[in-house]
Each structure stands twice: as C-alpha cells, then as structure tokens.
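# Per-entry structural report
Now for the letters of each chain:
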Amino acid sequence: MYEMKDDIFYEYVKKYDKLLLDYVLLSADDGEISHKKAVINAISVINSRERIGNQYYKKSPEFYVDENKMICRKCSTENFFTVDTVKKYGNCMCVEESCYWTYRDAFLYYTPYPVPYTEKDFQKVNYVLFPECYRKDLEIYQWNDEFSDYFNDGKEGFGATMWSIYDKNMCRFVIIGTSMTD
C-alpha cells in the first residue's frame, strides 16, 4: 500500500486551498484490503505534510497511532454523501447515530471559520474523487478520535474525525481526516 502522489485529484483539489480536510489516496493494488492498515498508512503520510487541516507546521509533526484504540463504524454510501437535513447529536452533525458527522458537513460547515465553497464545489470535488458510477460499491468506515494525537486539536476545538473509503473499482483507499481548531 503506497500513496498515489500522482493522482489527478491532488492537483485538482489545490484550487480548494481553504478546504480544511486532509485527503490521502492509497493504492490497494497489492490485493490487501485493510481499512485499519490504510488509516495507519494515511497518518504516516500526513506526518510528512507541512499543512494539516488548518495548521501549518515548520517541522512535520509525528502523530502516533495506538492500534489498540482504533474503533470504526460502517457508514452507508448515501449517508456519507447526504445532502439532506441532518440531526444534531452533541457537537456533531449526524444523519444517523452510527455516522457521527456527514462528510458534506465537514467539507462545508463544521469549520472554525466559513469556507468559500458551496454544495456545487462539494459535488465537483467528489465527482473527481469518487466517480458516480462507482459510488454504490464504496466501502466506508468512520473512525473514532482516540487512537492518534492527530485528533487532539479538533477535540479541543471544532471537532475531529476520519473516514476510510475503499473503492474496489479503482483499487484504492481514500482517507479523509479532519481535526479543526481556531
């Protein structure tokens, strides 16, 4: 499993420079389909980045992962991409208790300051990242925020979560994380 650094999505998403989500694309062409391993690899990739969410680092952080604390819940594809009205559970925006936040709300609203993006931008980004014809086959999990210090800023700020999405048609994992603070 390795980062797909040359994927066109990375170039495309650069124009959304105010977006506060961390995206990591990993190849799964070695046949191993392990969401847990993909998330651990994604944290390693994030460790090499200068910008993480809305924080800039002079020196790359070294976020740890405690595998024993990793817990995930399966999310349905329709709830992951939902554009319906959401329910509020505590500080989290949800469409169902088994999916704490919706990806859409993390993209558009649940941020320390307003982002200049619209529903149309959300759809464009995801058209490139998750082609419509493959969406029905996505396998999606949402992870807890207790297994890594990557989530610390968000737990004290505006929230933290991570999703792992396996796309069997493209043989890849997309990991989307957020840990937002002001």
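The structure displayed is predicted, hence computed values, not measured ones.

Right, let's get into the nonpolar core. Y23, Y103, F107, F130, M162 and I176 are the most contacted members of the largest nonpolar core, which totals 49 residues. Secondary-structure elements contributing two or more residues to this core are α1 (8-13), β1 (22-27), α2 (35-47), α4 (103-108), α5 (119-129), β7 (139-143), β8 (159-167) and β9 (172-180). With near-sequence residues (within four places) excluded, M162 lies in contact with V39, I43, I46, Y141, Q142, W143, F147, Y150, F151, I175, I176 and G177.

The next point concerns the packing of aromatic side chains. Inspection of every chain in the model, using the stated rule, returns 17 aromatic pairs. Considering the side-chain rings of Y103 and F107, the 6.4 Å spacing of their centres and the 85 degrees angle between planes classify their relative orientation as edge-to-face. Of this pair, Y103 and F107 both sit in helix α4, four residues apart, which is roughly one turn of that helix. Assigned by exposure class, Y103 and F107 land together as buried.

Most peptide bonds are trans, and most residues other than glycine sit at a negative phi. Of note in the backbone geometry, C171 takes a positive phi value of approximately 50 degrees without being a glycine. In this fold, C171 is placed in the loop between β8 and β9. For C171, a relative accessible area of 33% gives the class partly exposed.

Here the focus is the pairing of β7. β7 sits mainly inside the fold: four of its five residues count as buried. In terms of strand pairing, strand β4 (residues 72-75) meets β7 through four bridges, oriented antiparallel. Bridging from a neighbouring strand, C72 pairs with W143 of β7. Sheet analysis places β7 next to β8, joined by five bridges and oriented antiparallel. Looking at the pairing, E139 lines up with Y166 of β8.

What counts and how
Residues numbered from 1 in each chain as written. Predicted model: local features only at pLDDT ≥ 70, side-chain atom pairs only at ≥ 80, totals over all residues. Heavy atoms only, no water. Core = buried A, V, L, I, M, F, W, Y, C linked by side-chain atoms within 4.5 Å. Buried < 20%, exposed > 50% of the residue type's maximum accessible area, 1.4 Å probe, protein only. Helix = DSSP H or I, 4+ residues; strand = E, 2+ residues; numbered from the N terminus. Contact = heavy atoms within 4.5 Å. Phe/Tyr/Trp six-rings, centres within 6.5 Å; stacked < 30°, edge-to-face > 60°. Pairing = 2+ DSSP bridges.

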